[in-house]
Every structure is written in C-alpha cells, then in structure tokens.
Amino acid sequence: MTGSSTDVTDVGSDVGSVLGTGIDSRVGIAATGTDPRIVVDRHLAASDRAAALAADVRTGLTADPKELPPKWFYDATGSMLFDAITRLPEYYPTRAERAILTGCVQEIAAMSRADTLIELGSGTSAKTRLLLDALRHSGHLRRFVPFDVDETVLSRAAIAVRDEYPGVTIHAVVGDFERHLDLLPGIDRLPGAKRRLVVFLGGTIGNLAPAQRHDFLTSLRAQLNEGDTLLLGTDLAKNPDRLVAAYDDSAGVTAAFNRNVLSVINHELDADFDPRGFAHVVCWDAANSWIEMRLRSVRDQRIQIGALDLSVSFAENEQMRTEISTKFTRDRLTAEFAAVGLAMVRWWSDPADDFALSLCVPA
C-alpha cells in the first residue's frame with residue numbers, strides 16, 4: 001500500500017445554497033400555477049437528513065478504526081470544491097468520461113430508444129446535456145427524472161431542463177439511492193413511457209463497499225423492466241501512482257474537500273473539530289483495488305459533538321477513513337453485473353483505458 005499525506009489550511013466558510021423556484025411542494029403531483037411539466041416526489045425531509053448524519057457520525061466515530069461516509073462531503077462548500085477538483089490536471093475521470101460519452105452518445109440513444117432518462121445523482125452538467133440532446137435527436141425523449149439527495153441540486157436541474165428542452169416533462173425525485181431505488185417512478189406513473197434509460201455516472205458506484213455495491217445493483221435490477229437499460233460510469237484500475245496523484249493534487253483542493261466533512265459536522269452537529277488538526281492522506285489498497293482517503297490526526301485531541309452529547313478522542317497519527325473509490329476491470333464488472341441479473345451489452349473506454357461506460361440490460 002502506498003500513501004501520501006498533505007497539510008494545507010482549511011478552506012473556511014460555508015457557501016449559501018440558492019433554491020430554485022417553480023417546483024411544487026406537494027409529493028408526486030404536477031405544479032399548479034407554475035408549470036405542470038414539473039412533478040416532485042419527496043422521500044427525504046430535512047429531518048431525515050439530520051437523523052442520518054447523526055447516526056453515521058455516532059457509528060463512525062465510535063468504531064475502531066473510525067470512519068465517515070463520503071456522502072457528507074457535499075454541503076455547498078464541498079460541492080464547490082468537488083467542482084474545482086474535476087478541473088484539476090491530476091483528476092482525469094471527469095474529462096475521460098465526458099470524452100467517451102461524446103463519442104458514443106448517439107449509439108447509446110439508438111440502442112436504448114429511451115423516452116425517459118433517469119439520472120441518479122442528478123446534475124446540469126455537460127454530460128447530462130449530451131444524453132438529453134442525443135435522446136431528443138433520436139425523436140424518443142419525453143421525460144427527464146433527476147434523482148438526488150439534495151433538493152437544491154434537483155431544483156436547478158429541473159428548471160434548467162424545463163427551460164432548455166421544451167416539451168420534456170420533469171419528474172424529480174428527492175431520495176437516497178441506497179434506500180429509495182424501489183421508489184423510482186415506474187412505467188405506470190410515467191404516462192406514455194415505454195423505455196427508460198437509467199444513468200449513474202462519475203464513477204460514484206466505486207464509493208460503495210462490495211456488499212453495498214451488490215445490494216445497490218440488486219435493487220436497481222429489480223426496478224428495470226424489459227426494454228430498460230442502465231448506463232454506468234466506472235473508473236478503471238491503473239498505475240497506483242496516477243491514482244494517488246488524482247486524489248492528492250498539488251494545489252491541495254482535494255485535501256480541503258476531504259477536511260470539509262469536519263466542517264459539516266461542526267456546523268450541523270455543534271462539534272468543535274479543528275480541520276487544521278487533520279492531514280489529508282491517500283492510500284492505494286491493492287488487495288481491494290481501491291483508493292482510500294483518510295484524515296490523520298496531527299496531535300492528540302478530544303472532540304466534543306454537542307448535538308450527540310458525545311466526546312471522541314483522537315491519538316496523534318490516528319487515521320479515520322472518509323472514502324473508498326474502487327477501480328474496476330471489465331471482467332470484474334461483467335461478473336458483478338451477472339451476479340445480480342444484468343447483462344453488459346456494450347462497453348466503451350477511452351484510448352488510455354482510464355475510464356469506462358457500460359450499457360446493461362436485464363438478463
């Protein structure tokens with residue numbers, strides 16, 4: 001296992017969220033008086049998010065070794081930092097995936113013939129536009145279903161697609177893809193829908209441990225009907241030095257992103273973490289074929305978490321894992337798909353074999 005450790009000053013303050021307008025506040029009904037093209041299903045409330053964060057922090061910080069799930073990186077500051085990461089010279093996945101998608105998106109549209117695009121972890125990025133444009137050009141696109149834990153992101157995605165794609169209906173879903181996949185709107189709730197293309201891009205599936213990944217794919221397979229397709233983006237195994245560099249950039253942006261989880265806990269759970277008391281650590285775990293991001297305590301320290309009435313000690317050099325990112329091979333993915341009843345029908349990768357897109361159907 002190789003590793004790298006970087007100390008930089010914490011990037012400071014929160015960035016305020018800007019909520020979009022025009023999305024109805026009721027569950028599963030069209031907006032009235034604003035735009036009947038937008039429908040929202042809410043399966044998560046603010047209280048659910050707060051309870052999940054509290055449970056994860058209590059479980060993770062009382063475990064040995066300590067661990068926090070990567071989903072808590074993403075407050076407004078975390079999202080801003082991750083956007084900056086995707087433009088760093090060391091961080092190849094976003095560029096590689098976009099290049100692959102640019103080259104094969106018309107083929108994806110032709111093979112899927114989807115009238116409904118379901119995006120897990122929604123966004124208004126260039127990659128989403130490529131898919132929407134190709135499906136519209138094919139003459140099939142009728143509906144966009146963005147699915148995300150963050151309602152602010154969903155608001156932006158829904159409004160942008162509404163404005164840019166006349167005639168396309170938006171059915172937004174506020175939910176956690178590890179808990180609410182069974183609540184994706186089926187054909188029976190999507191008037192006129194015949195084929196759905198579900199996309200999960202960015203290599204996010206690599207953040208799930210093997211058992212979690214199996215459960216996720218099993219749940220997703222259960223939602224797919226004959227005629228539906230799944231497009232999955234995955235980072236591929238490669239030279240560990242390149243992988244470590246991608247997660248430990250020279251500008252220290254990923255280090256700030258990693259430490260931001262401590263600021264989230266401070267803000268939301270009344271904790272007193274000093275982010276400068278933790279160093280960013282990146283390791284390659286060859287046995288599991290994944291990158292680990294960790295935070296290393298630079299001194300003995302005790303943290304108080306007021307909302308949990310919890311006191312947690314860190315010894316000098318004690319490490320806490322904050323993310324795994326699995327790197328795949330084609331054979332491994334094929335086997336994981338087969339284990340849950342999915343069949344890979346198409347595979348695209350970039351010339352350097354850095355990243356891949358897989359198109360799957362129910363087996």
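Everything below is about the structure shown above.
All of the points below concern the structure found in this document. (Residues numbered from 1 in each chain as written. Predicted model: local features only at pLDDT ≥ 70, side-chain atom pairs only at ≥ 80, totals over all residues. Heavy atoms only, no water.)

1. Notes on the environment of Ile291
- On the secondary structure map, Ile291 appears in strand 10 (residues 290–297).
- Residue class for Ile291 comes out buried when judged on its relative accessible area of 1%.
- Not counting chain neighbours up to four residues away, the residues in contact with Ile291 comprise Leu243, Val244, Tyr247, Val282, Cys283, Trp284, Glu323, Ile324, Ser325 and Lys327. (Helix = DSSP H or I, 4+ residues; strand = E, 2+ residues; numbered from the N terminus. Buried < 20%, exposed > 50% of the residue type's maximum accessible area, 1.4 Å probe, protein only. Contact = heavy atoms within 4.5 Å.)

2. Regarding the packing of helix 1 (residues 46–61) against helix 8 (residues 253–269)
- The interhelical angle for the contact between helix 1 and helix 8, taken along N-to-C directions, is 120 degrees, at an axis separation of 11 Å. By the criterion of interaxial angle, the relationship of helix 1 to helix 8 is oblique. Between helix 1 and helix 8 the crossing geometry is left-handed. Contacts between helix 1 and helix 8 involve Arg49, Leu53, Ala54 and Val57 from the former and Val264, Ile265, Glu268 and Leu269 from the latter. (Axes fitted to C-alpha atoms, helices over the stretch in contact; angles between N-to-C directions. Parallel < 35°, antiparallel > 145°, perpendicular 65-115°, else oblique. Left-handed = near helix turned anticlockwise from the far one by under 90°.)

3. Topic: the packing of helix 2 (residues 76–85) against helix 8
- The interhelical angle for the contact between helix 2 and helix 8, taken along N-to-C directions, is 155 degrees, at an axis separation of 9 Å. In this view, helix 2 runs roughly antiparallel relative to helix 8, as classed from their interaxial angle. Handedness of the helix 2/helix 8 crossing: left-handed. When helix 2 is examined against helix 8, the residues Thr77, Gly78, Leu81, Phe82, Ala84 and Ile85 are found in contact with a partner set consisting of Val253, Thr254, Ala256, Phe257 and Asn260.
- Along the lines of polarity and charge, the residues of the contact of helix 2 with helix 8 split into seven nonpolar, four polar and no charged. (Nonpolar A, V, L, I, M, F, W, Y, C, P; charged D, E, K, R; others polar.)

4. Observations concerning the environment of Gly233
- Its location among the elements puts Gly233 in strand 8 (residues 229–235).
- The spacing of Gly233 and Gly202 is 31 residues in sequence and 5.6 Å in space, taken between C-alpha atoms.
- Among residues more than four places away in sequence, those in contact with Gly233 are Glu97, Phe200, Leu201, Gly203, Ile205, Phe355, Ala356 and Leu357.

5. Quick look at the side chain of Arg143
- Mapped onto the fold, Arg143 is located in strand 5 (residues 143–148).
- The contact partners of Arg143, leaving out residues within four places of it in the chain, are Asp115, Thr116, Leu117, Val168, Thr169, Leu190, Pro191 and Ala193.

6. Focus: helix 5 (residues 151–164)
- Counted at 1.5 Å a residue, the expected span for helix 5 with its 14 residues is 20 Å, and the 20 Å between its end C-alpha atoms agrees.
- Within the sequence span of helix 5, burial applies to Thr152, Leu154, Ser155, Ala157, Ala158, Ile159, Ala160, Val161 and Arg162.
- On its buried face, helix 5 is in contact with strand 3 (38–42), helix 4 (126–138), strand 5 and strand 6 (169–174). (Expected span 1.5 Å × (residues − 1).)

7. Focus: unusual backbone geometry
- Here the bond from Asp64 into Pro65 is cis, since omega is 5 degrees, no more than 30 degrees from zero.
- Tracing the sequence through the fold places Pro65 in the loop between helix 1 and helix 2.
- The residue Asp270 is not glycine, and still its phi comes out positive at about 55 degrees.
- Among the secondary structure elements, Asp270 is positioned in the loop between helix 8 and strand 9 (278–285).
- Note on Asp270: relative accessible area 56%, which makes it exposed.

8. Focus: the pairing of strand 7 (residues 196–200)
- With five of five residues buried, strand 7 is to be regarded as a mostly interior element.
- In strand 7, alternate side chains face the same way, and those of Arg196, Val198 and Phe200 on one face and Leu197 and Val199 on the other are all buried.
- Bridge analysis of strand 4 (residues 116–120) against strand 7 gives four bridges, and the strand direction is parallel. Its bridge partner being in strand 7, Leu117 is matched across the sheet by Leu197.
- Sheet topology note: the strand 7/strand 8 ladder contains four bridges and is parallel. Paired with Leu197 across the bridge in strand 8 is Thr229.
- Of the crossover connections in this fold, the one passing from strand 7 over helix 6 (residues 210–223) to the parallel strand 8 is right-handed. (Pairing = 2+ DSSP bridges. Right-handed = clockwise from strand over helix to strand, strands pointing away.)

9. What to know about the environment of Ile38
- Its place among the elements puts Ile38 in strand 3.
- C-alpha of Ile38 to C-alpha of Ala172: the two residues are 134 residues apart in sequence and 7.5 Å apart in space.

10. Considerations on the pairing of strand 8
- Counting buried residues along strand 8, seven of its seven residues qualify, which places the element largely inside the surrounding structure.
- Alternating positions in strand 8 separate into two faces, Thr229, Leu231, Gly233 and Asp235 on one and Leu230, Leu232 and Thr234 on the other, with burial throughout.
- Sheet topology note: the strand 8/strand 15 (residues 355–362) ladder contains six bridges and is antiparallel. Within strand 15, the position partnered with Leu232 by the bridge is Ser358.

11. A short note on helix 4
- Between its first and last C-alpha, helix 4 extends 18 Å over 13 residues, near the 18 Å set by a 1.5 Å rise per residue.
- Listed in full, the buried residues belonging to helix 4 are Lys127, Thr128, Arg129, Leu131, Leu132, Ala134 and Leu135.
- Looking at the buried residues of helix 4, the elements they touch are helix 3 (93–112), strand 4, strand 5, helix 5, strand 7 and strand 8.
- The first or second residue beyond helix 4 is Gly139, which carries a positive phi of 90 degrees.

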